[in-house]
Amino acid sequence: MATKARKCSASPDADIQPFDERQTQVEEALFGSPPLASALVVEDETGDIVGLAAYSFLWPSAGSTHSLFLEELYVRDTLRRQGIGAQLMSELRGIATARPSCTRLEWMTDRVNSDARTFYQSLGFEEDNEKIVYRTGTSTT
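Here is a short report on the structure shown in this document. Given the structure is predicted, the values throughout are model-derived calculations rather than measurements. (Residues numbered from 1 in each chain as written. Predicted model: local features only at pLDDT ≥ 70, side-chain atom pairs only at ≥ 80, totals over all residues. Heavy atoms only, no water.)

**Here's the deal with the packing of aromatic side chains**
Thought 1: Inspection of the entire model under this criterion finds 4 aromatic pairs.
Thought 2: Considering the side-chain rings of W107 and Y120, the 5.1 Å spacing of their centres and the 50° angle between planes classify their relative orientation as tilted. Remark: Y120 occurs in helix α3 (residues 114-122) and W107 occurs in strand β4 (residues 102-107); sequence separation between them is 13 residues.
Thought 3: The class for W107 is partly exposed, based on a relative accessible area of 21%. (Phe/Tyr/Trp six-rings, centres within 6.5 Å; stacked < 30°, edge-to-face > 60°. Helix = DSSP H or I, 4+ residues; strand = E, 2+ residues; numbered from the N terminus. Buried < 20%, exposed > 50% of the residue type's maximum accessible area, 1.4 Å probe, protein only.)

**Quick word on the sheet that holds strand β2 (residues 49-58)**
Thought 1: As summarised here, the arrangement of the 4 strands in space is β1-β2-β3-β4, forming an open sheet in which the pairing is mixed. Every interior strand has two partners, whereas the edge strands, β1 (38-43) and β4, have only one. The average angle at which neighbouring strand axes cross in this sheet is 20°, direction not considered.
Thought 2: Where β2 lies against strand β3 (residues 66-75), 8 bridges are found, and the strand directions are antiparallel. (Pairing = 2+ DSSP bridges. Axes fitted to C-alpha atoms, helices over the stretch in contact; angles between N-to-C directions.)

**Re the pattern of salt bridges**
Thought 1: Per the stated rule, a full pass over the model turns up 3 salt bridges.
Thought 2: Across the salt bridge formed by R104 and E106, the nearest N and O atoms sit 3.8 Å from each other.
Thought 3: Between E127 and R117 there is a salt bridge; the shortest N-O distance is 2.6 Å. Linking E127 in the segment after α3 with R117 in helix α3, this pair joins segments that are 10 residues apart in sequence.
Thought 4: Residue E127 is classed as partly exposed on the basis of its relative accessible area, which comes to 37%. (Salt bridge = Lys/Arg side-chain N within 4 Å of Asp/Glu carboxyl O.)

**Observations regarding the layout of surface pockets**
Thought 1: As a volume, the largest pocket reaches approximately 1,800 Å³.
Thought 2: Around the largest pocket, the lining is made up of 43 residues, and of these W107, M108, T109, D110 and Y120 lie nearest the centre.
Thought 3: Of all elements in the fold, only β3, α2 (84-98), β4 and α3 reach the threshold of two or more residues within the lining of the largest pocket.
Thought 4: With 8 residues, the single largest contributor to the lining of the largest pocket is α3.
Thought 5: Residue composition of the lining of the largest pocket, grouped by class: 19 nonpolar, 9 polar and 15 charged. (1 Å grid on protein atoms, 1.4 Å probe; cavity = no way out; pocket = protein on both sides within 12 Å on 5 of 7 lines; lining within 4 Å. Points joined across faces, edges and corners; volume = space filled by probe spheres on them. Nonpolar A, V, L, I, M, F, W, Y, C, P; charged D, E, K, R; others polar.)

Below is the structure:
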């Protein structure tokens, strides 16, 4: 569990930005608002959830800004290609833009998910081949 950061001296190689600014950003990332995870929900006229975008804000240790990370984008199969996914992506971009020090919106999809890849490309997004994703289960067996 995180605890409130205490004041410590800046290292001589801290040339990213002034130490006090970095400390403030760390405190905001760990103790600020919004909560750890959030979601945008789209309901139909009966109140059933037909679309969802689950996201959180990430703060990379090597940088002084953070990003909105889209964990899951879902639109009910029968309602796809009707603009719901595009609307959710637009809303996410707006949330990221409105948050101070949030400089990017990031997400992943499986290489074999051609429908998702085509959808993101139709919105004008390009694939980023610079990152390699590592994944492991939490089971020790």
